[in-house]
Amino acid sequence: MEWARGLAMAAAAAVVMVAAVLAGQAMAAGATTYTVGAPDGLWDMETDYKEWVARRTFHPGDKLTFTYSRELHDVVEVTKAGYDACSNANNISAFRSGNDLVALTAVGTRYFLCGLTGHCGSGMKIRIDVVAAASSGPAAAAGPGAAAAPLPSTSSVTAAVAGSRLVLVLLYALLPLW
Ligand SMILES: [Cu+2]
C-alpha cells in the first residue's frame with residue numbers, strides 16, 4: 001500500500017496548494033489598474049464593453065487606462081444622461097492623449113464614451129460601477145453610524161467557498177487510502 005499512501009500524500013499536497021492559491025486570490029485587495037477592453041481588445045469599435053465590465057469588479061482605488069490611437073478616438077466622461085443619449089455636450093472631462101489614466105476614487109457609477117461622431121452609437125461607451133471593497137479594515141467595522149456594511153466581493157467569497165469545498169471533497173475521497 002506504499003504507492004497508495006504516496007499517491008494520497010501527493011494529492012493532499014496538491015489540494016493544499018490549490019487552497020492556498022484560492023485563499024490568496026480571495027485576500028488580494030490591492031488596487032488594480034484595468035486597461036479598458038484588454039486583453040481581447042482596447043478602447044475601440046469592436047469591444048463589447050458591457051460584457052467586459054460584467055467580468056470585473058471595480059473598487060475605489062482602482063484605475064482605468066484607456067489606450068487607443070488619438071487619431072481615431074478620444075475619451076469623454078459624461079453623466080448618465082449623456083451616456084444614455086450618446087451626448088458629450090455637458091461632459092465632465094475629456095481625454096485625448098491615447099493613453100489616459102482615470103482614477104476610480106469613490107463608490108459610484110462613472111460613464112465614458114468616445115466623442116467622435118457615430119462611435120458611441122456603435123457601442124463605444126462604457127459604464128463602470130465602483131463598489132465598496134470587502135475589507136477587514138476599520139471601514140468595514142459596523143459602528144453605530146454604519147447603516148449597511150459593505151458587501152463582500154462576490155467573486156472572492158465564491159472562490160473561498162469553492163476552495164474549502166474542494167478540500168473537503170478531496171480529503172473525504174482520500175481517506176480510504178490511508
Ligand atoms: Cu471612437
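These numbers come from a predicted model, not from an experiment.

A. Structural context of the overall build of the protein. Per the secondary structure count, the protein includes four helices and seven strands. For the protein, the N- to C-terminal ordering of α and β elements is α-β-α-β-β-α-β-β-β-β-α. Classification of the 178 residues of the protein by burial places 19% in the buried group. Nonlocal contacts in the protein, meaning residues at least 24 apart in sequence, comprise 69% of its contacts between residues at least 6 apart.

B. View of the nonpolar core. Counting residues in each nonpolar core, the largest one holds 20 residues, and the members touching the most others are Leu-64, Phe-66, Val-75 and Leu-113. Elements supplying a minimum of two residues to this core: strand S2 (63-67), strand S3 (75-78), strand S6 (108-113) and strand S7 (125-130). For this core, the element with the highest residue contribution is S3, accounting for three residues.

C. View of the sheet that holds strand S4 (residues 93-95). Spatially, the four strands line up as an open sheet ordered S4-S3-S6-S7, and their pairing is antiparallel. A single partner strand is all that each edge strand has here, and the edge strands are S4 and S7. Geometrically, the sheet is characterised by an average inter-axis angle of 25° between neighbouring strands, direction not taken into account. Looking at chain direction, S3 and S6 are connected through three bridges and run antiparallel. Bridged to Glu-77 within S6 is Phe-112.

D. Structural context of the sheet that holds strand S1 (residues 33-35). Spatial ordering of the open sheet is given by S1-S2-S5, a layout of three strands whose pairing is mixed. Looking at the sheet topology across the chains shown, the edges are occupied by S1 and strand S5 (99-103). Pairwise comparison of adjacent strand axes, ignoring direction, gives a mean angle of 20° for this sheet. Across five bridges, the pairing between S2 and S5 is antiparallel. The partner of Thr-65 across the bridge, within S5, is Leu-101.

Rules and cut-offs
Throughout, a residue's number is its position along its own chain's written sequence, starting from 1. Per-residue local features of the predicted model are confined to residues with pLDDT of at least 70, and side-chain atom pairs are confined, for both listing and counting, to 80 or more; whole-chain, interface and lining totals are unaffected and use all residues. Helix numbering and strand numbering both begin at the N terminus, where a helix is a DSSP run of H or I of at least 4 residues and a strand a DSSP run of E of at least 2. Three exposure classes are used, all based on how many other C-beta atoms lie within 10 Å of a residue's own C-beta (placed from the backbone): buried at 20 or more, exposed at 12 or fewer, and partly exposed between those limits. Contact criterion: two residues are in contact if their C-beta atoms, reconstructed from the backbone, are within 7 Å. Definition of nonpolar core: a set of buried Ala, Val, Leu, Ile, Met, Phe, Trp, Tyr and Cys residues joined via C-beta atoms within 7 Å. Each pair of strands is called paired provided DSSP finds at least two bridges between the two strands. Angles run from 0 to 180 degrees between N-to-C directions of axes, and those axes are lines fitted to C-alpha atoms, restricted for helices to the stretch in contact.

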